[in-house]
Amino acid sequence: MKHLDEYRDAETARRIAAAIRREADIARGYRLMEFCGGHTHAIFRYGIEDLLPANIEMVHGPGCPVCVLPTGRLDMAIRLARRAGVILATYGDMLRVPGSSGQSLLKAKADGADIRMVYSTLDAVKLAQANPDREVIFFAIGFETTTPPTALAIEAAARKALANFSVFCNHVLTPSAIAAILEAPAVRELDAVEIDGFLGPAYVSVVIGSQPYEFFADEYRKPVVISGFEPIDILQSILMLVRQLNAGRAEVENQYIRAVTRDGNMRAKEAVSRIFELRRDFEWRGLGHIPYSALRLKDAYAAFDAERRFNETYVATEGNKACLCPAILRGAKKPTDCRLFGRACTPETPLGSCMVSSEGACAAYYTYGRMREAAQ
Amino acid sequence: MCHALPVKIIALTGPDTAKVSLGGIVKEISVALIDDPRPGEYVVLHVGYALARIDEAEAERTLALLAAEGSDAVAEFAAAGEDAEARP
């Protein structure tokens, strides 16, 4: 594990950590959810929990797009990839995610399906141009940061009149997931998770701005601090949350002042609203069905919508029953509560999505946290 | 996919594209989401697109941290585009 001491900002980190310990009220607890998998990863990588007093608990949120995609959506991607004449272009993160019946995109590729890893949606458009006799489907996933790139790729394909390019859209919305954690009855019925405040994701907020979180502060009285990804950013954000909670405030504050504005990136938001509309319903692994929590292509772009073009419909399927990913994504269980964790399920042989993605809570626990937990 | 990196714009190559540099590696990216991008500026790069402009001091701070630890994000940047072009 890389420790904070190794960096030149170690002194600053120690100073902030001391302030957190001094100011945290021992008479109460602080359950703080870091929404984003990038934060989860950083918290473990830099051993941030070691610096916090025992009454501050970091709860790992569902902000990992690979992790929250339900098995049935992955099955759709695998079915699309196995169609004759199709090239499925995907971000590398998706290749090893287990579908149902032990399937994965990697296994489909080994069986002869033409699946290409791309870094950017631009690469997927180039694939379509270079392969006019093939159908190129881009497997689009992600929160608000990857959505504008997908929108621009669809516009580029429309401009170039590419008739062989389409998108299998799985873009999901951060505020919907936070709302679901705070209010959805389905979540409450399963196992209520009481969260005192949120660390908001920096890059998502670069795009959507800080404004969408104001609702959570106003309506739910939960403070939100938008935080950068460096260890000092995270510590400072935790301190800001502690101070808000101590003072009984519930505001949206921005620790990551550099690139986040109240309105976000207007160009990006406009591109998204030109191409996409809200889906009436989308199923999330761990959070269940959440209305208006994901995007689909507008009718005007139906020709670029792989689901409509190839008549693929979602069929809910159960993943591995022993896998605790769903409860872990709600913050209700920890990876070490899962009996598969570290035994049948490791980063080399992942059985659940939270272990596949390096941003997933299980992968972060396994890579950086397991030794510490075992020692306790 | 979830990585983002500060990179420096070296040159604009089209209405929406620019060459950027990170640790001596140069790639072409989209700057379609940035108002009036200019050479010499730093932007946050994510899946081939600049998401936002950032100031140089911030960029240098993040890059120093990445250099100190050997980053997956830098490796991903270096490998960008390779698999897509690997097959005819």
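How each quantity is defined
- Residues numbered from 1 in each chain as written.
- Chains lettered and ligands numbered in written order.
- Predicted model: local features only at pLDDT ≥ 70, side-chain atom pairs only at ≥ 80, totals over all residues.
- Helix = DSSP H or I, 4+ residues; strand = E, 2+ residues; numbered from the N terminus.
- Rg over C-alpha atoms; globule rule 2.2 N^0.38 Å.
- Buried ≥ 20, exposed ≤ 12 C-beta atoms within 10 Å, placed from the backbone.
- Contact = placed C-beta atoms within 7 Å.
- Pairing = 2+ DSSP bridges.
- Axes fitted to C-alpha atoms, helices over the stretch in contact; angles between N-to-C directions.
- Domains from an automatic or database assignment.
- Nonpolar A, V, L, I, M, F, W, Y, C, P; charged D, E, K, R; others polar.
- Right-handed = clockwise from strand over helix to strand, strands pointing away.
- Parallel < 35°, antiparallel > 145°, perpendicular 65-115°, else oblique.
- Left-handed = near helix turned anticlockwise from the far one by under 90°.

Visitor: Give a detailed account of the overall build of chain A, specifying residues and quantitative values.
Guide: Within chain A one finds 17 helices and 13 strands. Relative to a compact globule of 376 residues, whose C-alpha radius of gyration would be 21 Å, chain A shows 21 Å and is just as compact. Oriented by its inertia axes, the alpha-carbon framework of chain A measures out at about 65 × 45 × 45 Å. Burial analysis of chain A (376 residues in total) assigns 56% to the buried set. Of all intrachain contacts in chain A linking residues separated by at least 6 positions in sequence, the fraction that spans at least 24 positions is 76%.

Visitor: So what's going on with the overall build of chain B? Residues and values would help.
Guide: A count of helical and extended segments in chain B gives three helices and five strands. Shown N-terminal to C-terminal, the secondary structure of chain B runs as helices and strands in the order β-β-β-β-β-α-α-α. Looking at chain B as a whole, 40% of its 88 residues qualify as buried. For chain B, contacts bridging at least 24 residues in sequence account for 39% of all contacts bridging at least 6.

Visitor: Outline the sheet that holds strand β3 (residues 86-90) of chain A, listing residues and values.
Guide: Residue and element names in this part refer to chain A. Here we have four strands laid out as an open sheet, ordered β4-β3-β5-β6, and parallel in their pairing. Each edge of the open sheet carries a strand with a single partner, namely β4 (114-117) and β6 (165-171). Direction aside, neighbouring strands of the sheet carry axes that sit 20° apart on average. Taken together, the five bridges between β3 and strand β5 (residues 135-142) define a ladder with parallel strand orientation. Of the residues in β5, the one forming a bridge with T90 is F139. Taken strand by strand, helix α6 (residues 121-130) contacts β3, β4, β5 and β6, and its axis lies near 170° from that of β5.

Visitor: Explain the domain arrangement of chain A to me, and be specific about the residues and the numbers.
Guide: Residue and element names in this part refer to chain A. Domain parsing of chain A yields domain 1 (4-63 + 178-254), domain 2 (67-172 + 263-309) and domain 3 (325-369). The C-alpha centroid of domain 2 is placed 31 Å from the C-alpha centroid of domain 1. The partner domain 2 presents 16 residues to the 14 residues of domain 1 that form the contact. Those elements that place two or more of their residues in the side of domain 1 that touches domain 2 are β2 (56-63), α9 (185-191) and α10 (202-208).

Visitor: Explain the interface of chain A and chain B residue by residue, including any values.
Guide: Contacts between the two partners involve 33 residues from chain A, matched on the other side by 27 residues from chain B. Secondary structure elements with two or more residues in the side of chain A that touches chain B: α2 (37-45), β4, α6, α7 (147-159), α10 and α13 (266-275) of chain A. With five residues, the top contributor of residues to the side of chain A that touches chain B is α6 of chain A. Classifying every residue of the side of chain A that touches chain B by side-chain character gives 15 nonpolar, nine polar and nine charged.

Visitor: Before we move on, can you summarise the pairing of strand β8 (residues 224-227) of chain A with the specific residues and values?
Guide: All names here are of chain A. Neither face of β8 is left uncovered, since the one carrying V224 and I226 and the one carrying V225 and S227 both have all their residues buried. The sheet contact formed by strand β7 (residues 197-201) and β8 spans four bridges and is parallel. Across the sheet, F198 pairs through a bridge with V224, a residue of β8. One ladder, built from three bridges, connects β8 with strand β9 (residues 252-254); its direction is parallel. From the neighbouring strand, V225 faces β9, where its bridge partner is E253. Where the polypeptide runs from β8 across helix α12 (residues 231-246) and back to β9, its parallel neighbour, the crossover connection is left-handed.

Visitor: I'd like a rundown of the packing of α6 of chain A against α7 of chain A, residues and numbers included.
Guide: Residues and elements named next belong to chain A. Relative to each other, α6 and α7 sit at 25°, their axes nearing to 9 Å. Looking at the two axes, α6 sits roughly parallel to α7. Where α6 crosses over α7, the two elements pack in a sense that is right-handed. Residues T121, L122, A124, V125 and A128 of α6 form the contact with α7, whose own contacting residues are P149, T150, L152, A153, A156 and A157. For the contact of α6 with α7, the per-class residue count stands at nine nonpolar, two polar and no charged.

Visitor: Quick one: what's the story with α2 of chain A, residue by residue and with numbers?
Guide: Burial analysis of α2 of chain A places eight of its nine residues in the buried class, the great majority of the element. Positioned one or two residues after α2 of chain A, G47 of chain A has a phi angle of 65°, which is positive.

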